[in-house]
Amino acid sequence: MKQIWFSVCLLTGGLLNSNIASAQEPASGALLQQMSSASRSLNYELAYISISKQGIESLRYRHAVIDKQPLGQLLHMDGPRREVLQRGGGISYFEPGLEPFTLSGDHIVDALPAIVFADFDYLAKYYDFISVGRTRISDRPCDVYRVVARDGSRYSYVVWMDMETKLPLRVDLLDRDGETLEQYRVISVVVGEQVKNVMQPLLKANLPPLLTLPAAEDVKLAWNAGWLPAGVNEVARNRRKLPNVAVPVESRLYSDGLFSFSVNISPSGSNTSQQFYRQGRRTIQTEIRNGNEITVVGELPPSTAKRIADSITFKVAPK
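Since the structure is predicted, the reported quantities are computational estimates derived from the model, not experimental observations.

Definitions and limits used
Residues numbered from 1 in each chain as written. Predicted model: local features only at pLDDT ≥ 70, side-chain atom pairs only at ≥ 80, totals over all residues. Heavy atoms only, no water. Pairing = 2+ DSSP bridges. Helix = DSSP H or I, 4+ residues; strand = E, 2+ residues; numbered from the N terminus. Axes fitted to C-alpha atoms, helices over the stretch in contact; angles between N-to-C directions. Buried < 20%, exposed > 50% of the residue type's maximum accessible area, 1.4 Å probe, protein only. Polar contact = N/O pair within 3.5 Å; in protein donor to acceptor, adjacent residues only side chain to side chain. Contact = heavy atoms within 4.5 Å. Arc of directions from axis to C-beta. Patch = residues over 30% accessible without salt bridge, like charges linked within 9 Å, V, L, I, M, F, W, Y side chains within 5 Å. Areas by Shrake-Rupley, 256 points an atom, 1.4 Å probe, with all protein chains shown as cover. Salt bridge = Lys/Arg side-chain N within 4 Å of Asp/Glu carboxyl O.

Moving on, we get to the pairing of strand 16 (residues 274-279). Across six bridges, the pairing between strand 16 and strand 17 (residues 282-289) is antiparallel. Counterpart to Phe276 in the pairing with strand 17 is Gln285.

Moving on to the sheet that holds strand 1 (residues 44-52). Adjacent strands of a sheet form backbone hydrogen bonds with each other and so pair up, either parallel or antiparallel. Taken together, eleven strands build an open sheet; the order of strands is 6-5-4-3-2-1-11-10-9-8-7 and the sheet is antiparallel. One side of each edge strand has no neighbouring strand; the edge strands of this open sheet are strand 6 (101-104) and strand 7 (127-137). Neighbour to neighbour, the strand axes of the sheet diverge by 15° on average, direction disregarded.

Checked against the element boundaries, Ser39 lands in helix 2 (residues 18-41). Using a relative accessible area of 1% as the deciding quantity, one classes Ser39 as buried. When the C-alpha atoms of Ser39 and Phe117 are compared, they prove to be 8.0 Å apart, with 78 residues separating the residues in sequence.

Here we come to the sheet that holds strand 17. Taken together, six strands build an open sheet; the order of strands is 13-14-15-18-17-16 and the sheet is antiparallel. Unpaired on one side and paired on the other, strand 13 (233-240) and strand 16 mark the two borders of the sheet. Looking at each pair of strands side by side, their axes are set apart by 15° on average, direction ignored. Sheet topology note: the strand 15 (residues 260-267)/strand 18 (residues 292-298) ladder contains seven bridges and is antiparallel. Bridging across to strand 18, Phe261 finds its partner in Gly298.

Quick look at the side chain of Arg252 now. For Arg252, the position within the fold is in strand 14 (residues 249-255). Using a relative accessible area of 3% as the deciding quantity, one classes Arg252 as buried. A polar side-chain atom of Arg252 sits 3.3 Å from a polar atom in the side chain of Asn224. At 2.9 Å, the side chain of Arg252 forms a polar contact with the side chain of Glu234. For Arg252, the contacting residues outside a window of four places in its chain are Leu221, Trp223, Asn224, Glu234, Ala236, Arg237, Phe261, Ser262 and Val263.

Moving on, we come to helix 5 (residues 302-310). Taken together, the buried positions of helix 5 are Thr304, Ala305, Ile308 and Ala309. Around the axis of helix 5, the buried residues are gathered within 135° of arc, so they sit on the same side. Check the buried side of helix 5 and you find it contacts strand 15, strand 17, strand 18 and strand 19 (312-314).

Turning to a nonpolar patch on the surface, a few remarks are in order. Together, Tyr277, Ile284 and Val297 make up a nonpolar patch on the protein surface, roughly 250 Å² of accessible area in all. Tracing the chain through its elements places Tyr277 in strand 16.

What follows deals with unusual backbone geometry. Positioned with a positive phi, Lys68 is a non-glycine residue whose angle comes to about 65°. Tracing the chain through its elements places Lys68 in the loop between strand 2 (55-66) and strand 3 (69-76). Phi at Ser138 takes a positive value of approximately 55°, unusual for a residue other than glycine. Topologically, Ser138 is positioned in the loop between strand 7 and strand 8 (140-149). Residue class for Ser138 comes out partly exposed when judged on its relative accessible area of 30%.

This is the structure in structure tokens:
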């Protein structure tokens, strides 16, 4: 596999001692924030490939801002036509065999890696932003940064950012052993008014209506996670019934703004004490304790998922 050939060379040769890295963090964080701003404000088109354990996809993403309204189009270039459109605060999905629908959102989640839209001011409290040099991607000079959680509990990113436009031209997601789990890599870049002209018809396009989601309930749960990675917060919780399951499943969703995962609690239906499964960035960690099945699912290394599962505590009901 040649996915990590260049990032390994950069990271091996470019890492600096901790004192120098600390001095660089504010500048690196500010430049990464510029990447997020450029991705939201410029008129551009990116043709890129997405490489993961599941295979390789070819995609095209267009973005424009017309009359202060963001417009976006994500098109899968191979196989049946799959397309996602953004107009303002609505994201519309068009998939073969499914009725088109629209959800609320401020960007197309599937288009660019999550780190592009991260809040780097917040992440700076928990992550190191390390400059590791410069190179070329798609015949354009790039600054290269590594984004690493200080507590070592999460995956890391390497970001190649176009020096002129500040757009992301390559993003590698690495596990804690340095293996590439996913790679986003731009093949061609177009920036300017021509993209704005191509996106103009989307202003008047007939898009599917916005789906109304049920209001979130104030759910009280009798369990808690005793340990979470630094910077992770609970963002949602629910109690829901699943098909063919008599007792509802209780869930909490957590995120640090870069990686997300859920903890799910249900009555145990087996005697299996512990098991885990990992596919790419996603891990499923399950263990049985006191008649409860604890399952951690999300973008975490297996050891982190296990530590979270082990930390779950249950409140004792008063007698």
